[in-house]
Amino acid sequence: MRSMAYARGLKLSSAGRHAEAMGCCEQALAQDPSDTDTLSALGNTASVLGLADGAAPFYARVLALERHLIEALVNLANLLRGQGQFAAPASLLEPALARSPQSAELLLTLGSVKRENGDADGAAALYRAALDARPDYAPALSNLADLLADAGDHAQARTLYDRAIKAAPGDAQARLNRAVLHFLTGNLKEGWRDYAAR
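Quick caveat, the model's predicted, so the values are computed rather than measured.

Draft legend 1. Main features of the overall build of the chain. Summing up its helical and strand segments, the chain has twelve helices and zero strands in all. Shown N-terminal to C-terminal, the secondary structure of the chain runs as helices and strands in the order α-α-α-α-α-α-α-α-α-α-α-α. Across the 198 residues of the chain, 43% fall into the buried class. In the structure as shown, the chain presents an accessible area of about 10200 Å², 54% of it carried by carbon and sulfur atoms.

Following this line, the structure appears as structure tokens:
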């Protein structure tokens, strides 16, 4: 049974009261030190608060208890990427991807690691594999569109941004990126429309 402290922590976090949420989740963890949901919540909350060094141990503890939890793997990998570490995320993600080759989240995250390491072809292949697994996965659509736009394939990039926005209408980043693409191609009216809608 979930503790009341955990439930209160989630509610506070949803309300943007992350520091208070940390305290509640720490109380819940004291009641059950091996609860992976509470550990994940602590990692997520610490990350939102900008405490990357504090978040990483929570994700590591989740993975020590349940090494196959994709969300914890992705969160830890993204945290390490944010710290400028790219070898460590790849070493976390590659074995997980071998176990779960259809995980769009793992494919996307490893694609982003490859992109940040300068391997655009490897990143594109992983983003395409994520789309094979989940054809309307907006983050993969947007990331592949970004790569294509950078490579000068503006028409295909526009198509993918359109699909990403259709799949996730509230995705402000996809709208902003499509606006920039419109500006770059001289379509100012559409660019300003997308920019305003973000």
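Draft legend 2. The arrangement of a nonpolar patch on the surface in detail. Residues Leu-188, Trp-192 and Tyr-195 make up a contiguous nonpolar surface patch of about 330 Å² in total accessible area. Inspection of the secondary structure assignment puts Leu-188 in helix H12 (residues 188–197). Classification of Leu-188 by relative accessible area gives partly exposed; the value is 47%.

Draft legend 3. Structural detail: the pattern of salt bridges. Enumeration over the complete set of coordinates arrives at eleven salt bridges. Several salt bridges converge on common partners, so that one network encompasses Arg-158, Asp-162, Arg-175, Arg-178, Glu-190, Arg-193 and Asp-194.

Draft legend 4. Spatial organisation of the nonpolar core. Leu-76, Leu-110, Tyr-137, Leu-144 and Ala-157 are the most contacted members of the largest nonpolar core, which totals 55 residues. Considering each element in turn, this core owes the most residues, eight residues, to helix H9 (residues 138–150). Beyond its immediate stretch of four places on either side in the chain, Leu-110 contacts Ala-90, Leu-93, Glu-94, Leu-97 and Leu-126.

Draft legend 5. Structural view of the packing of aromatic side chains. Scanning the model with the defined rule gives two aromatic pairs in all. Centre to centre, the rings of Trp-192 and Tyr-195 are 5.6 Å apart; their planes meet at 85°, and the pair counts as edge-to-face. With a gap of three residues between them, Trp-192 and Tyr-195 both fall in helix H12, about one helical turn apart. Aromatic rings pair up to connect Phe-183, Trp-192 and Tyr-195 into one cluster.

Conventions we followed
- Residues numbered from 1 in each chain as written.
- Predicted model: local features only at pLDDT ≥ 70, side-chain atom pairs only at ≥ 80, totals over all residues.
- Heavy atoms only, no water.
- Helix = DSSP H or I, 4+ residues; strand = E, 2+ residues; numbered from the N terminus.
- Buried < 20%, exposed > 50% of the residue type's maximum accessible area, 1.4 Å probe, protein only.
- Areas by Shrake-Rupley, 256 points an atom, 1.4 Å probe, with all protein chains shown as cover.
- Patch = residues over 30% accessible without salt bridge, like charges linked within 9 Å, V, L, I, M, F, W, Y side chains within 5 Å.
- Salt bridge = Lys/Arg side-chain N within 4 Å of Asp/Glu carboxyl O.
- Core = buried A, V, L, I, M, F, W, Y, C linked by side-chain atoms within 4.5 Å.
- Contact = heavy atoms within 4.5 Å.
- Phe/Tyr/Trp six-rings, centres within 6.5 Å; stacked < 30°, edge-to-face > 60°.

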